[in-house]
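These are the residues of each chain, in order.
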Amino acid sequence: LTPAGAQAFSVHNDKQDVFAAQVFGKKDWQVWDLDTTSFGADVGIDPVIAPFRHTVSLLTDSAPSVSALPAPTLGPTLQPGDLLYVPRGSLHVASTLPGSPSLHLTIGALSKSFAYAIAAFHLADTPWFKHILDSVGWNVDKFRRVLMGRADTKNDGADLRRSLPMGWASGD
């Protein structure tokens, strides 16, 4: 429960996809898409696509001020029954309106991770998988080297684990 005219957290990002379901009252949200937003050096953040997730590095010990950030990619006011999708890594902040408290439920959805590459690595040693590899002229060693190389590269690794695009549910 967030009191009227307040915010629970400062500008931040999450390491999982988030769905915010508005339960009571109204809440203003601001969300910045890291793929399309340019941040000036004076803001104090450095968006990075890491091998396994989007991350945001804060260049100072404190969160940036909302007023220092560029215009948000999304800025909806959620009402009871509304659902907002916030892609993994997107900067966001939520504030209640003056005069009324607000309650939303946050649902985090963990994305596929390196564990899938490890499972495929071990699966490659089974007889039926070896048969498939043989049929395309590969062997277990080659498959494992290519798999781990792809999963570990900055660009391919991030693409394999990219979140849904901002606005996907509304068709934007």
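Throughout, a residue's number is its position along its own chain's written sequence, starting from 1. Side-chain atom pairs in this predicted model are given and counted only at pLDDT of 80 or more, local residue features only at pLDDT of at least 70, and totals for whole chains, interfaces and linings cover all residues. Side-chain numbers here rest on the full set of heavy atoms in the structure, without hydrogens or water.

Participant: What is the right way to read the overall build of the protein chain from this model?
Facilitator: In this description a helix means any DSSP run of H or I spanning at least four residues, a strand means any run of E spanning at least two, and both kinds are numbered starting from the N terminus. Helices and strands together make up the secondary structure of the protein chain, namely four helices and eight strands. Reading the protein chain from its N end, one meets helices and strands in the order β-β-β-β-β-β-β-β-α-α-α-α. Evaluated residue by residue, the protein chain yields a buried proportion of 33% over its 172 residues. Residue contacts are defined here by distance: any two heavy atoms, one from each residue, within 4.5 Å place the two residues in contact. Partitioning the intrachain contacts of the protein chain with sequence separation of at least 6 by distance along the chain shows that 80% fall at a separation of at least 24. A total accessible area of about 10000 Å² is found for the protein chain, and carbon and sulfur atoms account for 58% of it. Exposure classes here rest on a 1.4 Å probe applied to the protein chains alone. A residue is buried below 20% of its type maximum, exposed above 50%, and partly exposed in between. For the accessible areas, the method is Shrake-Rupley and the probe is 1.4 Å, while residue cover comes only from the protein chains on display.

Participant: Which parts of the structure should I look at to understand the environment of Ser38?
Facilitator: Note that Ser38 resides in the loop between strand E2 (27–32) and strand E3 (45–49). We classify Ser38 as exposed; its relative accessible area is 63%. Considering only alpha carbons, one finds Ser38 and Leu69, 31 residues apart in sequence, at a separation of 9.3 Å.

Participant: Where do I start with the side chain of His92 in this structure?
Facilitator: Mapping His92 onto the fold places it in strand E7 (residues 91–96). A polar side-chain atom of His92 sits 2.9 Å from the main-chain carbonyl oxygen of Ser90. In this view, His92 contacts Ser10, Val11, His12, Asn13, Asp14, Trp29, Gln30, Val31, Trp32 and Val86; residues no more than four positions away in its chain are not counted. Here a polar contact means two N or O atoms within 3.5 Å. Within protein one must be a hydrogen donor candidate and the other an acceptor candidate, and residues neighboring in sequence count only if both atoms are side-chain atoms.

Participant: So what exactly am I meant to see when it comes to the environment of Asn13 here?
Facilitator: Mapped onto the secondary structure, Asn13 falls in the segment before strand E1 (17–24). The class for Asn13 is partly exposed, based on a relative accessible area of 22%. On a C-alpha basis, the gap between Asn13 and Ser90 in space is 5.5 Å, while along the polypeptide they are 77 residues apart.

Participant: Help me understand the sheet that holds E1, please; the structure alone is not making it clear to me.
Facilitator: In a beta sheet, neighbouring strands pair by backbone hydrogen bonds and run either parallel or antiparallel. Pairing between two strands requires that DSSP report at least two bridges joining them. The three strands lie next to each other as E6-E1-E8, forming an open sheet whose pairing is antiparallel. Looking along the sheet, the strands with just one partner apiece sit at the ends: strand E6 (83–86) and strand E8 (103–109). Averaged over all pairs of adjacent strands, the angle between strand axes in this sheet comes to 20 degrees, irrespective of strand direction. As defined by bridge partners, E1 adjoins E8 across seven bridges and the pair is classed as antiparallel. Angles shown run from 0 to 180 degrees and are taken between the N-to-C directions of axes, each axis being a line fitted to C-alpha atoms and, for helices, limited to the stretch in contact.

Participant: Can you help me understand the pairing of E2 in this one?
Facilitator: Every regular strand shows the same layout, with side chains that alternate between the two sheet faces. Here E2 pairs with strand E5 (residues 77–78) via two bridges, running antiparallel. The partner of Asp28 across the bridge, within E5, is Thr77. Pairing geometry for E2 and E7, over six bridges, is antiparallel. Considered in E7, the bridge of Gln30 is made with Val93.

Participant: What is the right way to read the sheet that holds E7 from this model?
Facilitator: Taken in spatial order, the three strands line up as E5-E2-E7 in an open sheet, and their pairing is antiparallel. Looking at which strands have only one partner, the edges of the open sheet turn out to be E5 and E7.

Participant: I tried to follow the packing of aromatic side chains on my own but got confused; where do I start?
Facilitator: How two aromatic rings sit relative to each other is set out by the distance from centre to centre and by the angle between their planes. Aromatic rings from Phe, Tyr and Trp, with only the six-membered ring used for Trp, were paired whenever their centres fell within 6.5 Å, and each pair was classed as stacked if the ring planes differed by under 30 degrees, edge-to-face if by over 60, and tilted otherwise. A full pass over the atoms with the stated rule returns three aromatic pairs. Aromatic pair Phe19 and Tyr85: ring centres 5.3 Å apart, planes at 40 degrees, arrangement tilted. One end of the pair, Phe19, is in strand E1; the other, Tyr85, is in strand E6, with 66 residues separating them in the sequence. Site record: aromatic cluster; members linked through ring pairs are Trp128, Phe129 and Phe143.

Participant: Got a minute to help me understand the pattern of salt bridges in this structure?
Facilitator: Note that side chains of opposite charge can pair when their charged atoms are close. Salt bridge, as used here, is a side-chain nitrogen of Lys or Arg placed within 4 Å of a carboxyl oxygen of Asp or Glu. Going through the model one piece at a time under the given rule, you end up with two salt bridges. Note that Lys130 and Asp125 form a salt bridge whose closest N and O atoms lie 3.2 Å from each other. On the accessibility criterion, Lys130 (34% relative accessible area) is partly exposed. Judged by its relative accessible area of 43%, Asp125 is partly exposed.

Just distances and angles here, no functional claims.
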